[in-house]
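Structure at a glance
Residue strings, one per chain:
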Amino acid sequence: MLPEAASTLPKKERLNGKKDISALLAGGKWGSVGCLRYCSKPNALEYSRIVVSVPKRLFKRAVKRNLLKRRMREAYRTSKQLLGACPQDILFQYISPEIAELQEIRLSVETILKKLAK
RNA sequence: AAGGUGAAGCGAUCUGUCGCGCAGCCAAAACUGUGAGGAAAGUCCGGACAGGACAGGGCACCCCGCUGCGGAAAGCGCAGAAGGGAGCAAUCUUUUGGAGGCCGUAACAGAGAAUAACCGCCAGAUAACAUUAUUUGGCAAGGGUGAAAACGCGGGGUAAGAGCCCACGACCAUCGGCAGCGAUGUCCUUGGGGUACGGCACCGGGGCCUGCAAAACCAAAUAUACCGGAAAGAAACGCCCCUGUGGUUGUUUCAAAGAGUUGCCCGCUCUUUUCCGGGGGGUAGGUCGCGAAGAUAAAUGACAGAUUUAAAAACAGAAACCGGCUUACGGCUUCACCUUUUAU
RNA sequence: GGUGGGUUCGUAUAACGGUUAGUACUCAGGAUUUUCAUUCCUGCAAUAGGAGUUCGAUUCUCCUACCCACUA
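Throughout what follows, the structure given in this document is the object of discussion. (Residues numbered from 1 in each chain as written. Chains lettered and ligands numbered in written order. Predicted model: local features only at pLDDT ≥ 70, side-chain atom pairs only at ≥ 80, totals over all residues. Heavy atoms only, no water.)

1. Section: the side chain of Arg 65
With respect to the helices and strands, Arg 65 occurs in helix H3 (residues 62-79). The side chain of Arg 65 sits in the buried core without any salt bridge; Glu 98 is the nearest counter-charge, 17 Å away. If sequence neighbours within four positions are ignored, Arg 65 has contacts with Val 54, Pro 55, Lys 56, Phe 59 and Lys 60. (Helix = DSSP H or I, 4+ residues; strand = E, 2+ residues; numbered from the N terminus. Buried < 20%, exposed > 50% of the residue type's maximum accessible area, 1.4 Å probe, protein only. Lys, Arg positive; Asp, Glu negative; His and termini not counted. Salt bridge = Lys/Arg side-chain N within 4 Å of Asp/Glu carboxyl O. Contact = heavy atoms within 4.5 Å.)

Set out below in structure tokens:
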């Protein structure tokens, strides 16, 4: 695995489209770690795809939601090599009512990726 | 120097590493360029744009209503006029009006809330006979109530009183002069005397309805208007096994119904059922609307260093565009003005 | 994104701009009963927040906050 490719997050590695997301929600496995909840499902592609989500119920201001989504993407980008060679679709959902720091989110994301790599 | 009032403005900058959206070459990589706000917010107004409706005109309905200028328009901006309120002041804030016809309301209190007689004042008559009572009439000067009580004060006048009359004022309307583009102000002439609020009618101006999830283009699956072609059904008795409103089944019998075409028959056509092919509108989806930020689960971040700073910390993130309004906001700069104190 | 509607005791609801904001259930106290339930009496308890119009605002106007519905 190339070290440059390990820390990028191009558009094709993001899950989009109503059908794919519905399929993930319908057939994925759920779990939660720390301030995050995740839902994963293996896919048939050569790379993994992710979705990040912050509920509007917890944070009314768009600025705070954008901040948390950026932190979650950043944490996944810097630590996605932990996932190894088993591609899957992952949904990250933020469930804490408080704004967490980047280190805390990174810790949760790394725990989730280690679990999913097994 | 301290406090305050008004107006305008800033909303950190630079460098390096990693990373993201879009564009630049047909695709990828690499490279280059570019990438949130003063409010992007609330959606409170208006516009532009788009579709639908619509010959033209009127009524109804809705909105606005002091003046001038700006503006495409606006519950818009600037400057002003009149009245009220806050402040020592700088200054801030709020209201109306055009015309005055009709109607409604004014709780409680109070005699009375809009054709005012409870107490009271005065005159006449009767009973009674110094006085009082009853009754008829006149009177808005005094009382107290209330948010609001029928111009103020002085004099004349009268039975008692009253703008009833007079002088001086206040208010409303008005011919004329002067100032002003104008609202209006001021001087003068003449006239007036039941308040406040709201609605209707009248006058002037404006307004069709819906909204980018609008609209336009391409267009699966399913159902289907329409067109072309082909076929037809029912009953009885058997046969089979999965025993059912069963069937890629056999034999026999009758060859369907309605309408039209001449009264009848044949023939022909159409409808009712099934299949095949074509085909229109149109859904999912995609493109466009869409921009030198601009996507379609949605891009601006992370780390390190330097400068100003006590500390990079406030409110807050474009989803079609434009002009306003309103609301949120740490820290700070500039200008003008006011008050207080000190010094010259 | 766009367009509408709403917020009244703990709950469900009413109000012409005008008494101390009414009614039912709930809660508290008392009476009735041997006791409990039922019933009766009494009480506590609210106009989302802030300005304005008015003599006076739940009501009329504006701003803010929150909730609900419709629209692909």
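2. Digging into the protein's contact with RNA strand B
Neighbouring RNA strand B are 16 residues, the closest being Lys 11, Val 63, Asn 66, Arg 70 and Arg 77. When atoms of RNA strand B within 4 Å of the protein are sorted by moiety, sugar and phosphate together comprise 83%. The contact in question runs from a phosphate oxygen of RNA strand B to an N or O atom on the side chain of Arg 70, over 3.0 Å. Of the residues forming the surface near RNA strand B, the biggest block, six residues, is contributed by H3. Residues that form the surface near RNA strand B fall into these classes: five nonpolar, five polar and six charged. (Near = heavy atom within 4 Å. Polar contact = N/O pair within 3.5 Å; in protein donor to acceptor, adjacent residues only side chain to side chain. Nonpolar A, V, L, I, M, F, W, Y, C, P; charged D, E, K, R; others polar.)

3. A few points about the nonpolar core
Taken as a class, soluble globular proteins show a tendency for nonpolar side chains to be buried jointly. With 23 residues, the main nonpolar core has Leu 36, Met 72, Phe 92, Tyr 94 and Ile 105 as its most contacted residues. Secondary-structure elements contributing two or more residues to this core are strand E2 (36-42), strand E3 (49-53), H3, strand E4 (88-94) and helix H4 (102-117). Considering each element in turn, this core owes the most residues, five residues, to H4. Ignoring any residue separated from it by four or fewer positions in sequence, one finds Met 72 in contact with Leu 36, Val 52, Ser 53, Val 54, Phe 92, Gln 93, Tyr 94 and Ile 105. Grouped together as the second largest cluster of nonpolar side chains are five residues, Leu 15, Leu 24, Cys 39 and Val 51 included. (Core = buried A, V, L, I, M, F, W, Y, C linked by side-chain atoms within 4.5 Å.)

4. Comments concerning the pattern of salt bridges
Counted by the stated rule, this structure contains two salt bridges. The partner of Glu 74 in a salt bridge is Arg 77, and the shortest N-O contact between them spans 2.7 Å. Pair noted here: Glu 74 and Arg 77 are both in helix H3, with a separation of three residues, about one helical turn. By relative accessible area, which is 30% here, Glu 74 ends up partly exposed.

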